[in-house]
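# Coordinates in review
What follows is each chain in one-letter form.
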Amino acid sequence: MDFGLVELTPEQEEFRRSVRTLLDEVVTQDDHDFQRATGNGHTRVAHAALGAHGLIRPAWAPEDGGIGADKVQQRLLELEFDRAELIQVSAGTSRLVWSAIETFGEKDLVAELKPKYARGEALFCLGYTEPDGGSDIAAAKVRAVKDGDEWVINGSKIFTTGAQNCTHCFLITRTDPDLPKHRGLTMFLVPLDTPGVEIQGIRTFGGERTNIVYYSDVRISDHYRLGGVNDGWTVLRGPLDEEHAFGQETDGLKEPYGRGFTPVLERAYDAAVEWAQTHVRADGTHPIDDPVVRIRLAQVAADMERTGCVDGPEGRVFGADVIVRCSADLVDLVGPEAVLSYGSDGAGAGETAAPDGPPVWRIDFSHRFAQGTPTYGGTVEVFRQMIAQHVLGLPRPNFPGSKAFINKRGAVGAPGVTRSVAS
Ligand SMILES: Cc1cc2nc3c(=O)[nH]c(=O)nc-3n(C[C@H](O)[C@H](O)[C@H](O)COP(=O)(O)OP(=O)(O)OC[C@H]3O[C@@H](n4cnc5c(N)ncnc54)[C@H](O)[C@@H]3O)c2cc1C
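The model shown is predicted, which means the values in this text are computed figures rather than measured ones. (Residues numbered from 1 in each chain as written. Predicted model: local features only at pLDDT ≥ 70, side-chain atom pairs only at ≥ 80, totals over all residues. Heavy atoms only, no water.)

## Considering the overall build of the protein chain
Note the cut-off: A run of H or I in DSSP counts as a helix once it spans at least four residues, and a run of E counts as a strand once it spans at least two, with each numbered from the N terminus. Think of it in three bands: with a 1.4 Å probe and only protein chains considered, a residue is buried below 20% of the maximum accessible area for its type, exposed above 50%, and partly exposed in between. Any two residues whose heavy atoms approach within 4.5 Å are treated as being in contact.
Across its full length, the protein chain carries 13 helices and eight strands. Once the C-alpha set of the protein chain is aligned to its principal axes, its extents read approximately 75 × 60 × 45 Å. Within the protein chain, the fraction of its 423 residues that count as buried is 47%. The long-range share in the protein chain, meaning contacts at least 24 apart out of those at least 6 apart in sequence, stands at 69%.

What follows is the structure, given as structure tokens:
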């Protein structure tokens, strides 16, 4: 394996410089403050600027709204987004579902949405989870009933992250309750400005904004159906596999899945190191003078490094494990200051240490943010089952509550298949 630095060509350097200049202009301190205050997940002006420069889907050809970026350029973009701390939750959900829209949507729907999406005017959120449960997506109860040329949708979805920013929801509905559960589902791309859609915000412990979305007699044209009636599971498979990182090949340039949460932890770590170097103890020494402190920081650094070596579903589980464990370690190491949130006295207000002291609020942020990471996009428990079955080839688990276990004892009403292991 070659761990050498990649030499960029002058053109690649120029591309990186131009992206950095653009992001420095359009991602402002006000944007950071807004995101930290609201957890909104979408940076409107910056996203529009990226659209205007063909950088929302950079690999697309210019006639489709991209710049035909190669893999190195795409990687440089990712690195610059990270450096600028550009929050792109809604851009991320849009990216997950676009290929399903393109594959299963009517031609004129795709033709209408593609340029809007590339320009940053259309965004898509994920409407899978319902208040009764998210792991078992195929048990969806939100009803869609055909009425003439229209569909009438009723029910509610929870954790529809970014609904407040998005134009459409990629919504899985139940169209035939009499069919086996995976076969009675139909997928729609519901315009969120349709009468009867009500979006209510939920703030998580980690400060992120997500939503409960109510659908009350929401009437949409058949034009917004993706794929066949009762064939919604087929439409869902691609975005779900992508979210679960199944079948993705590492090419050495793409960010490994394990590092998905690491940038937040890295910033907390940098704050902790700065704290250890600058905090003055009663005896006049700095925490960094203590070998135990150095060892604990080094352990976090080593774990962060290892997240870059694990890809696919294993990376998702390991990345969540590292941010949860290491953020707690940093809180323990730094002490009470590490639970001061952004904007509190003593939390280090600025982006850099001087003159307010190290930004220890980043440790608090990482610790709170970490708590959601083992849940969204499918829980780590469910991922562990996927890894056992689909990566290691082990048999389906047999434990109290599982279908196999209950069936063995002759019970009825087994709970069914999860979002991950269903086929
Ligand atoms: C911040 C945040 C953002 C989210 N964003 C979205 C979004 O944009 N769109 C969306 O549709 N959903 C979203 N979700 C929902 C998320 O995908 C679900 O929370 C997740 O899939 C788990 O579903 P649940 O919370 O209903 O838990 P449940 O499915 O009720 O599970 C409860 C517990 O049982 C365990 N469990 C369930 N089934 C199994 C099994 N087969 N084997 C072992 N253990 C099992 C789970 O691990 C969990 O610990 C978001 C969630 C959060 C917290």
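## Section: the nonpolar core
To be explicit about the condition: Here the nonpolar core consists of buried residues drawn from Ala, Val, Leu, Ile, Met, Phe, Trp, Tyr and Cys, with membership extended through side-chain atoms lying within 4.5 Å.
Phe124, Tyr128, Ile153, Phe170, Tyr215 and Leu236 are the most contacted members of the largest nonpolar core, which totals 63 residues. Beyond its immediate chain neighbours, meaning those up to four positions away, tyrosine 215 contacts Ile153, Asn154, Gly155, Lys157, Cys169, Leu171, Val190, Leu192, Gly196 and Val197. Tyr269, Ala276, Val317 and Cys326 belong to the second largest nonpolar core, which has 33 residues in total.

## A word on the packing of helix α1 (residues 10–26) against helix α3 (residues 44–52)
For clarity, the cut-off: Under this scheme, a helix contributes an axis fitted over its contacting stretch, all axes are lines through C-alpha atoms, and angles between N-to-C directions fall in the 0 to 180 degree range. Oblique is the label for any angle not covered by the other classes, which are roughly parallel (under 35 degrees), roughly antiparallel (over 145) and roughly perpendicular (65 to 115). By definition, turning the near helix anticlockwise from the far helix through less than a right angle yields a left-handed crossing, and turning it clockwise yields a right-handed one.
Packing of α1 against α3 leaves a shortest axis separation of 9 Å and a crossing angle of 150°. Comparing their axes, α3 and α1 come out roughly antiparallel. As α1 packs across α3, the resulting crossing turns out to be right-handed. Contacts between α1 and α3 involve Leu22, Leu23 and Val26 on the former and, on the latter, Ala46, Ala49 and Leu50.

## Some thoughts on the pattern of salt bridges
Side-chain pairs of opposite charge can arise whenever the charged atoms involved come near each other. Our working definition: Any Lys or Arg side-chain nitrogen located within 4 Å of an Asp or Glu carboxyl oxygen qualifies as a salt bridge.
If you walk through the whole model with that rule in mind, you get 29 salt bridges. For arginine 83, the salt bridge goes to aspartate 24, with nearest N and O atoms at 2.9 Å. Of the two residues, arginine 83 sits in helix α4 (residues 71–83) while aspartate 24 sits in helix α1, which places them 59 residues apart along the sequence. One salt bridge connects glutamate 121 with arginine 119, and the closest N-O pair in it is separated by 3.0 Å. Judged by relative accessible area, glutamate 121 falls into the partly exposed class, the value being 45%. A residue is classified by how much of its surface remains accessible, and arginine 119, at 42% relative accessible area, is partly exposed.

## Regarding the packing of aromatic side chains
The cut-off we apply is this: Between the rings of Phe, Tyr and Trp (Trp by its six-membered ring), a pair exists once the centres lie within 6.5 Å; its type follows the angle of the planes, with under 30 degrees stacked, over 60 edge-to-face, and the other angles tilted. Look at NZ for Lys and CZ for Arg. If either is within 6 Å of the ring centre and within 35 degrees of the ring normal, a charge sits over the ring.
Counted under the stated rule, the structure contains eleven aromatic pairs. Centre to centre, the rings of phenylalanine 365 and phenylalanine 369 are 6.0 Å apart; their planes meet at 10°, and the pair counts as stacked. Of this pair, phenylalanine 365 and phenylalanine 369 both sit in helix α11 (residues 361–370), separated by four residues, roughly a single helical turn. For phenylalanine 365, a relative accessible area of 29% translates into the label partly exposed. Taking relative accessible area as the criterion, phenylalanine 369 reaches 13% and is therefore assigned buried. Positioned above the aromatic ring of tyrosine 342 is the side chain of arginine 36, whose terminal nitrogen or guanidinium carbon lies 4.8 Å from the ring centre. In this structure, arginine 316 packs its charged tip against the face of phenylalanine 383, placed 4.8 Å from the ring centre.

## Quick look at unusual backbone geometry
Unlike most non-glycine residues, phenylalanine 159 shows phi in positive territory, near 60°. Positionally, phenylalanine 159 belongs in the loop between β3 (150–158) and β4 (168–174). Phenylalanine 159 sits in the partly exposed class, given a relative accessible area of 47%. Phi is positive for asparagine 230, which is not a glycine, with a value near 65°. When you line up the elements, asparagine 230 lands in the loop between β8 (225–226) and α7 (232–243).

## Let's talk about empty space enclosed by the protein
Quick note on the threshold: Grid spacing is 1 Å over the protein atoms alone, the probe is 1.4 Å, and a cavity is where that probe fits but cannot get out, while a pocket is an open set with protein on both sides within 12 Å along at least five of seven lines and lining residues have an atom within 4 Å of a point. Grid points are joined across faces, edges and corners, and a volume is the space filled by probe spheres set on the points. Only Asp, Glu, Lys and Arg are considered charged in this grouping, and only Ala, Val, Leu, Ile, Met, Phe, Trp, Tyr, Cys and Pro are considered nonpolar; every other residue, Gly among them, is considered polar.
Evaluation of the coordinates by the stated rule reveals one cavity of 30 Å³ or more. Its boundaries defined by the atoms lining it, the largest cavity holds a volume of some 40 Å³. Taken together, His42, Thr43, Ala46, His47, Leu50, Leu86, Ile87, Gln88 and Ala91 form the lining of the largest cavity. Counting residues per element, the lining of the largest cavity draws most heavily on α3, which supplies three residues. Each residue belonging to the lining of the largest cavity can be placed in one class, and the counts come to five nonpolar, four polar and no charged.

## Overview of the environment of arginine 237
Within the element layout of this structure, arginine 237 appears in helix α7. In the structure, arginine 237 is positioned 137 residues away from alanine 100 in sequence and 8.8 Å away in space, judged by C-alpha atoms.

## Some points on the packing of helix α5 (residues 89–104) against α7
Contact geometry of α5 with α7 gives a least axis separation of 8 Å together with a crossing angle of 155°. Classified by the interaxial angle, the pair formed by α5 and α7 is roughly antiparallel. You can see that α5 and α7 cross each other, and the crossing is right-handed. Contacts between α5 and α7 involve Leu96, Val97, Ala100 and Phe104 from the first element and Thr234, Val235, Pro239, Glu242 and Glu243 from the second. Among the residues making up the contact of α5 with α7, the classes are represented as six nonpolar, one polar and two charged.

## What about the environment of threonine 129?
Relative to the assigned elements, threonine 129 resides in the loop between β1 (124–127) and β2 (143–147). By relative accessible area, threonine 129 is classed as buried at 17%. Taking the C-alpha atoms as reference points, threonine 129 and cysteine 309, separated by 180 residues in sequence, lie 31 Å from one another.

## A few points about α4
Applicable threshold: Multiply 1.5 Å by the residue count of a helix minus one, and that product is the helix's expected span. Any pair of N or O atoms that falls within 3.5 Å is considered a polar contact. Within protein, one atom must be able to donate a hydrogen and the other to accept it, and sequence-neighbouring residues count only if both atoms are side-chain atoms.
Here α4 is 13 residues long and its end C-alpha atoms lie 18 Å apart, about the 18 Å a rise of 1.5 Å per residue gives. At its buried positions, α4 is contacted by α1 and α3. For α4, the capping residue at the N-terminal end is aspartate 70, with a side-chain oxygen 3.2 Å from the backbone nitrogen of valine 72.

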